[in-house]
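Examination of the molecular architecture
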Amino acid sequence: MSMMLVSRRHVAKSMVGIAEGTIRLFSSATTTACSGTGAAAAAAAKQSTRMGVPTWTKSGAVYWVQMDCGARSAGTVALGGKDDYEEEKKQHAADHGSKPSVDNGSGNKDEKGIASYWGVGPTKLTKEDGTEWKWTCFRPWETYKADVSIDLNKHHVPTTFLDKMAYWTVKSLRWPTDLFFQRRYGCRAMMLETVAAVPGMVGGMLLHCKSLRRFEHSGGWIKALLEEAENERMHLMTFMEVAKPKWYERALVVTVQGVFFNAYLLGYLLSPKFAHRMVGYLEEEAIHSYTEFLKELDKGNIENVPAPAIAIDYWQLPPNSTLRDVVTVVRADEAHHRDVNHFASDIHYHGRQLKESPAPIGYH
Ligand SMILES: [Fe+2]
Ligand SMILES: [Fe+2]
């Protein structure tokens, strides 16, 4: 059974997929062994306590995926009965010098037998330098080097009524934003990312539902927009490492999200042409904000602290990177979002649907 699964996965999956497939395979295979409930099954489970497979990333770096199968033993409690479980617990303690535990990636060692029973977790990744990959929200093969050579000055000149409306909507939002944040660019960036991560999710969700309703492909646009949302959320996860929101700022985010999510949803339903154009202009404003942020850093008004660890891993930055480097790559991301959204709006302007133009998936 396992060989059959291996070959099927090998054919169907990419290099990264192989690792995933192997994990799934291992889980499936062990489930079978454990579910036998006999001594042979228990022995098989014990023998397979630790396995690993090398994983290749897009950049060619090799990581090692490990799965601690001690959890699988715990998982058999539902299949093999309490006695088997107690026996395996003792054995595990003898093997490992402690009570059986599983690190599910969230740091909680007591959640044994939950993920393991279903065969879906946990994986341990190790970086090239041997240190543990500590992020559960993204994997090494999802990291990238930002294209900082992108033209930051591109601008879509609003000519039609709809364009002008999108443009002035964004401009009018900037005024209260400037007033509220003044020159606190760290805080401003963090707060704006809570908004910036909404449009991609809303647009992706609506296209997803449309794809289901109409029995048709999206041309990759669902994935592209959801990627944008995730990328924006990673900006937030990064900036919250350098700026902690106060209670009233959290309250503001809740309020703004409630309004903006619904307004954008309605806007996208009425006119995706307008919605994407507006996001294009929002991204132009984001580029401007990050340029101002960089100026303040260069003047010394904002301390150029070391880059957060999450940023170093996500953008594959050198270990000695600083906040300035982070802002630079985030600004490059915003320029990519600008292009994607103006492009999407242009497709609608040409009377076409998004699915007719292949989406820029993985465009960072
Ligand atoms: Fe962003
Ligand atoms: Fe953006």
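Criteria and thresholds
- Residues numbered from 1 in each chain as written.
- Chains lettered and ligands numbered in written order.
- Predicted model: local features only at pLDDT ≥ 70, side-chain atom pairs only at ≥ 80, totals over all residues.
- Heavy atoms only, no water.
- UniProt positions renumbered as here; feature names shortened; annotations may be inferred.
- Donors = N, O, S within 2.8 Å, 3.2 Å for Na, K, Ca; no water.
- Helix = DSSP H or I, 4+ residues; strand = E, 2+ residues; numbered from the N terminus.
- Contact = heavy atoms within 4.5 Å.
- Core = buried A, V, L, I, M, F, W, Y, C linked by side-chain atoms within 4.5 Å.
- Buried < 20%, exposed > 50% of the residue type's maximum accessible area, 1.4 Å probe, protein only.
- Expected span 1.5 Å × (residues − 1).
- Axes fitted to C-alpha atoms, helices over the stretch in contact; angles between N-to-C directions.
- Parallel < 35°, antiparallel > 145°, perpendicular 65-115°, else oblique.
- Left-handed = near helix turned anticlockwise from the far one by under 90°.
- Nonpolar A, V, L, I, M, F, W, Y, C, P; charged D, E, K, R; others polar.
- 1 Å grid on protein atoms, 1.4 Å probe; cavity = no way out; pocket = protein on both sides within 12 Å on 5 of 7 lines; lining within 4 Å.
- Points joined across faces, edges and corners; volume = space filled by probe spheres on them.
- Phe/Tyr/Trp six-rings, centres within 6.5 Å; stacked < 30°, edge-to-face > 60°.
- Lys NZ or Arg CZ within 6 Å of the ring centre and 35° of its normal.
- Lys, Arg positive; Asp, Glu negative; His and termini not counted.
- Salt bridge = Lys/Arg side-chain N within 4 Å of Asp/Glu carboxyl O.

- In the annotation of an unreviewed UniProt entry, the entry for the protein reads Ubiquinol oxidase, and the organism field reads Prunus avium.
- Check the Sequence similarities (unreviewed entry) section of the UniProt entry for the protein; it says "Belongs to the alternative oxidase family."
- The protein has a UniProt comment under Subunit (unreviewed entry) that states "Homodimer; disulfide-linked."

1. Some details on the coordination of the iron ion (ligand 2)
- Listed as protein donors to the iron ion (ligand 2) are Glu-232 (OE), Glu-283 (OE), Glu-283 (OE), Glu-334 (OE) and His-337 (ND1); their distances from the metal cover 1.8 to 2.5 Å.
- All donors of the iron ion (ligand 2) come from a single chain, and their spacing in sequence reads E-x50-E-x50-E-x2-H.
- Between the iron ion (ligand 2) and the iron ion (ligand 1), the interatomic distance is 3.8 Å, and Glu-232 donates to each metal, bridging them. Placement of the pair is Glu-232 in helix H10 (residues 221–239) and Glu-334 in helix H14 (residues 323–349), with a sequence separation of 102 residues.

2. Brief notes about the coordination of the iron ion (ligand 1)
- Distances from the iron ion (ligand 1) to its protein donors, Glu-193 (OE), Glu-193 (OE), Glu-232 (OE), His-235 (ND1) and Glu-334 (OE), fall within 1.9 to 2.4 Å.
- The motif formed by the donor residues of the iron ion (ligand 1), counted along the single chain, is E-x38-E-x2-H-x98-E.

3. Things to note about the environment of His-342
- Mapped onto the elements, His-342 comes out in helix H14.
- Measuring from C-alpha to C-alpha, the distance between His-342 and Val-279 comes to 7.9 Å, with 63 residues separating the pair along the chain.
- If we ignore the near neighbours within four places in the chain, the residues touching His-342 are His-156, His-276, Arg-277, Gly-280, Tyr-281 and Glu-284.

4. Remarks on the nonpolar core
- Ranked by internal contacts, the top residues of the largest apolar core, which has 40 residues, are Phe-239, Phe-293, Trp-315 and Val-327.
- Looking at this core, the elements that each hand over two or more residues are helix H9 (185–214), H10, helix H12 (272–299), helix H13 (309–314) and H14.
- Val-195, Tyr-264, Leu-265 and Phe-274 belong to the second largest nonpolar core, which has 26 residues in total.

5. Quick word on H10
- Here H10 spans 27 Å end to end across 19 residues, near enough to the 27 Å set by a 1.5 Å rise per residue.
- The element H10 is extensively covered by neighbouring structure, given that 14 of its 19 residues are classed as buried.

6. Quick notes on the packing of H12 against H14
- It is at 8 Å that the axes of H12 and H14 come closest, and there the two elements cross at 160°. In this view, H12 runs roughly antiparallel relative to H14, as classed from their interaxial angle. In terms of crossing hand, the pair formed by H12 and H14 is left-handed.
- Partitioned by chemical class, the residues of the contact of H12 with H14 number 15 nonpolar, 9 polar and 10 charged.

7. Considerations on the layout of surface pockets
- Looking at the largest pocket, its volume works out to about 780 Å³.
- Taken together, 32 residues form the lining of the largest pocket, with Leu-173, Thr-177, Leu-192, Val-195 and Val-256 sitting closest to its centre.
- Elements that contribute at least two residues to the lining of the largest pocket include exactly helix H8 (161–181), H9, helix H11 (247–270) and H12.
- Considering each element in turn, the lining of the largest pocket owes the most residues, 10 residues, to H9.
- Taken together, the residues that form the lining of the largest pocket break down as 22 nonpolar, 3 polar and 7 charged.

8. Notes on the packing of aromatic side chains
- Under the definition given, this model contains 16 aromatic pairs.
- Look at Phe-239 and Tyr-290: their rings are 5.8 Å apart centre to centre, the planes differ by 15°, and that puts the pair in the stacked class. Of this pair, Phe-239 sits in helix H10 while Tyr-290 sits in helix H12, and the two are 51 residues apart along the sequence.
- Phe-239 sits in the buried class, given a relative accessible area of 1%.
- On the accessibility criterion, Tyr-290 (4% relative accessible area) is buried.
- In textbook terms, an aromatic cluster arises when at least three aromatic residues are bridged by ring pairs, as seen for Trp-133, Trp-135, Phe-138, Tyr-144, Tyr-314 and Trp-315.
- The residue whose ring lies beneath Lys-273 is Tyr-349, and the NZ or CZ to ring-centre distance is 4.7 Å.

9. What about the side chain of Glu-232?
- One buried charge, Glu-232, has no salt-bridge partner; the nearest side chain with opposite charge is Arg-233, at 11 Å.
- Among residues more than four places away in sequence, those in contact with Glu-232 are Glu-193, Ala-196, Ala-197, Glu-283, Glu-334 and His-337.

10. Description of H9
- Taking 1.5 Å per residue, 30 residues should reach 44 Å; H9 reaches 44 Å between its end C-alpha atoms and fits that length.
- Within H9, 21 of the 30 residues are buried, which leaves the element mostly enclosed by the surrounding structure.

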